[in-house]
Each structure stands twice: as structure tokens, then as C-alpha cells.
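# Geometric and topological summary
One letter stands for each residue in the lines below.
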Amino acid sequence: MSKLVEFFTNLELIDWIFYLVGGLMVVFSIFAVEARRIFDSVLALSAVSLLSVLLFIVLKAPDVAITEAAVGSGLASAVMIFALFRMKAGEKK
Amino acid sequence: MRRIWAILISVVFLYFFLGTYFPTLPKFGNIDMYRRVSFDYISKSTTTSYQPVEYKKSKGLEDGSANVVTSIVVNYRSFDTLGEVTVLFAAALGVGILANIKKRRIEFEEHKVLSVAAGMIFPLILLFGAYIFIHGHLTPGGGFPGGTVIALGVLLLMLAKNEFKVTDVAKHTEQVAGSGYVLVGLIGMAVVGVFLANFLPTGTIGNLFSAGVVPIVYSLIGFKVGAELSSLVSDMREGDKA
């Protein structure tokens, strides 16, 4: 228990950012797995990659941050949502 | 039961990560890059002895790009990048084949605000994407992110206007740019003797026209990736009459 208290008192600001953003990523990932509608899952995955962009910027990897913001949270979600529309259009017939 | 297993597996992974792997990591920001392998890439000299590199002053370096990642991706490991472009082409080809099977076109409700704003923002997005891949050897980014930003602009137009279509020009652009990359490699083989070698003078580090073939190759990759991803998204949207 004292080890845990020591761990939390030694944290700096950058560590707090890491744990906050990482915890939010875990929460969104669990939401993406457990959500009822697939549409919500796609949105949660997009949010996960948007949060990871923050971590990449803090870790001084702007290349990866630009790519992740463009591909992970933009284009991949768009392609998945288009595919979802396709599947729904196929079900109606 | 499935959830219990998932929680158990993730707890075990977390335990090993926090207990075993995490304490071995050095503190953030305290790594001495000077003694790592990347020193060879930062000083841009893998064959001769090291010399100090000064921004906007050093001339005729082995690789004149001011960006370490770019000098690895497009100069030292350019053949890998050619393979990566090929993988992307194969993925786009697969989507194009699978998405066009007897489905209707996806239509959206047009919104006045979105369609007006998209017309105003689209040129700026194009400009930003072109900036990213033209300055790939000076600033972070490069052909892949720049091309993706351009494709996102095309996606915005697609969402805004129902009658917007990506024509065959995109596919022709992609073919020309992709074969241009191979052509640059063949010219390097003819001049220097190695496939994809840097055959142009590298110039002063930090200038726009420097680093030899790196800006040319990155512009070609930007055009190729932009056209490819635009036509990929368009393939997902259009029906079998596309």
C-alpha cells in the first residue's frame, strides 16, 4: 500500500498526462468492444486513435502523429462507416 | 465467460508490463542519443568520418535532408518504401474488386452549410497536403501523410455534394506516379550503379531544393497515395456502375 502512495506522489505533470490519456484510451477501447451498435464502436475507435495522437506529440514523434490523425481517425473510420452502410443496404434487400 | 477470460488475460499482461518491463525503461527525456545507432543517421555519414552539421550552412553532405526519418525512409531504406507503396496498391486493388459487387451508390442528404463550407475549405486542405509532401525532407511528414490529407479533402467533397465523382484521372495519376518512382530508381541504377541511389547533388541542408532525389520521390509518393486513397474511398461509395 505504501508503495502505491509513493508511486502517486512521485508523478510529474507529464506522467499525469500519460495516465489520463492512456486511461481514456482504455475506456474507449472497452466501449468499442462492448457497444451495441457497430456505428458507436467505429466512433470509439476513431476517438482512441485521436487520443493516441496526443501521446505521439508528447513523445516527440510528429511524423507518426500526422499519419495517425489522417489515417487512423480520419480515413479508416470513413472507410469502415461506408462499409457499414453497404452492409445495411445489403440486409434490406 | 468470455469477459472473464478477457479481463484475466489483460490483467496478466498489465502485471508483467508494470512489474517487469516498465522499471527497465529509462526516464523520459534522459536518453543520450549521441551514443545510439541513430547518431550515424543524424550526422548523415555512414561511410566516411563524422563532421559537424550546421543548418543552412553545411553543403554536399551524404544525404542533405534535415529530417532524420525522411533520410532513412526515402534515402537509406528506399527499397522498403517501394514495397510499402506496392502493398498500399494491392490493398486499394482488393477494395476496388470487393466493393463493386452489385450494390447501390451511397447517397447522403445534402446540407447547404456543409456544401458551401467544403468548397471554401477544400483548396486549403489541398494546399496543406501539398505542403506536407513537398517539405517532406525539411519538416515532419512526407508523401504518405500528405497524400492522405489530400484524400481526406476529396472525402469531404464527397460528403458535401452528391453529384461529385472521382473520375479515371485519379487512377491514371496513380499509375504515372507509381511508375515514376521506379523510373527514378532505374535512373539511379544507370548513373550510380545502385537501384534507387541518390544521383542528384544534395545541396545546402535546409533549402527547399536540396537532398537530391528525396523531394522528387516524396512528391511522386504524395501524388500516388493521394490519388490511390481517393479512388479507394470512391470505390467504397460508388455502386457497380462506377
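Quantities reported herein were computed from a predicted structural model and do not represent experimental measurements.

### Overview of the overall build of chain A
From N to C terminus, chain A includes four helices and zero strands. Listing every helix and strand of chain A by position from the N terminus yields α-α-α-α. For 93 residues, the compact-globule estimate of 2.2 N^0.38 gives 12 Å, and the C-alpha radius of gyration of chain A, at 17 Å, exceeds that figure by more than 25%. The principal-axis extents of the C-alpha atoms in chain A amount to approximately 60 × 35 × 10 Å.

### Notes on the overall build of chain B
Looking only at helices and strands, chain B features eight helices and zero strands. Helices (α) and strands (β) of chain B occur, in sequence order from the N terminus, as α-α-α-α-α-α-α-α. Among the 242 residues that make up chain B, the fraction classed as buried is 32%. For chain B, restricting intrachain contacts to residue pairs at least 6 apart in sequence, the fraction spanning at least 24 positions comes to 72%.

### A few points about the nonpolar core
Ranked by size, the top nonpolar core spans 45 residues in total, and within it A151, V154, L155, Y181, V217, I221 and V233 of chain B carry the most contacts. For this core, the elements supplying multiple residues, two or more each, are α4 (62-92) of chain A together with α3 (68-76), α4 (78-99), α5 (112-134), α6 (143-160), α7 (169-191) and α8 (214-237) of chain B. The dominant element in this core, judged by the number of residues it contributes, is α8 of chain B, at 12 residues. The residues touching L155 of chain B, leaving out its near neighbours within four places in the chain, are A78 of chain A together with V233 of chain B.

### Quick word on the interface of chain A and chain B
The partner chain B presents 18 residues to the 17 residues of chain A that form the contact. If you tally residues by element for the side of chain A that touches chain B, the top one is α4 of chain A, at 16 residues. Taken together, the residues of the side of chain A that touches chain B break down into 12 nonpolar, three polar and two charged.

### Comments concerning the UniProt feature "domain: MrpA C-terminal/MbhD" (unreviewed entry) in chain A
Following the UniProt record, one finds the feature "domain: MrpA C-terminal/MbhD" (unreviewed entry) at residues 24-88 of chain A. End-to-end, the C-alpha atoms of residues 24-88 of chain A are 30 Å apart, and along that stretch the chain is 91% helix and 0% strand.

### Some points on α7 of chain B
All names here are of chain B. The end-to-end C-alpha distance of α7, which contains 23 residues, comes to 32 Å, matching closely the 33 Å that a straight helix rising 1.5 Å per residue would cover. Considered for burial, the residues of α7 that qualify are A170, E174, A177, G178, Y181, V184 and G188. Positive phi appears at G193, one or two residues downstream of α7, with a value of about 115°.

### Section: the UniProt feature "transmembrane region" (unreviewed entry) in chain A
All names here are of chain A. Listed under "transmembrane region" (unreviewed entry) in the UniProt record, and renumbered for this structure, are residues 16-35, 42-59 and 65-85. For residues 16-35, the helix share is 95%, the strand share is 0%, and the end-to-end C-alpha distance is 28 Å. Helix makes up 100% of residues 65-85 and strand 0%, with an end-to-end C-alpha separation of 29 Å.

### Some words on the environment of E163 of chain B
Residues and elements named next belong to chain B. Assignment of secondary structure puts E163 in the loop between α6 and α7. Its 5 C-beta neighbours within 10 Å are what place E163 among the exposed residues. C-alpha of E163 to C-alpha of E107: the two residues are 56 residues apart in sequence and 9.3 Å apart in space.

Rules used throughout
- Residues numbered from 1 in each chain as written.
- Chains lettered and ligands numbered in written order.
- Predicted model: local features only at pLDDT ≥ 70, side-chain atom pairs only at ≥ 80, totals over all residues.
- Helix = DSSP H or I, 4+ residues; strand = E, 2+ residues; numbered from the N terminus.
- Rg over C-alpha atoms; globule rule 2.2 N^0.38 Å.
- Buried ≥ 20, exposed ≤ 12 C-beta atoms within 10 Å, placed from the backbone.
- Contact = placed C-beta atoms within 7 Å.
- Core = buried A, V, L, I, M, F, W, Y, C linked by C-beta atoms within 7 Å.
- Nonpolar A, V, L, I, M, F, W, Y, C, P; charged D, E, K, R; others polar.
- UniProt positions renumbered as here; feature names shortened; annotations may be inferred.
- Expected span 1.5 Å × (residues − 1).

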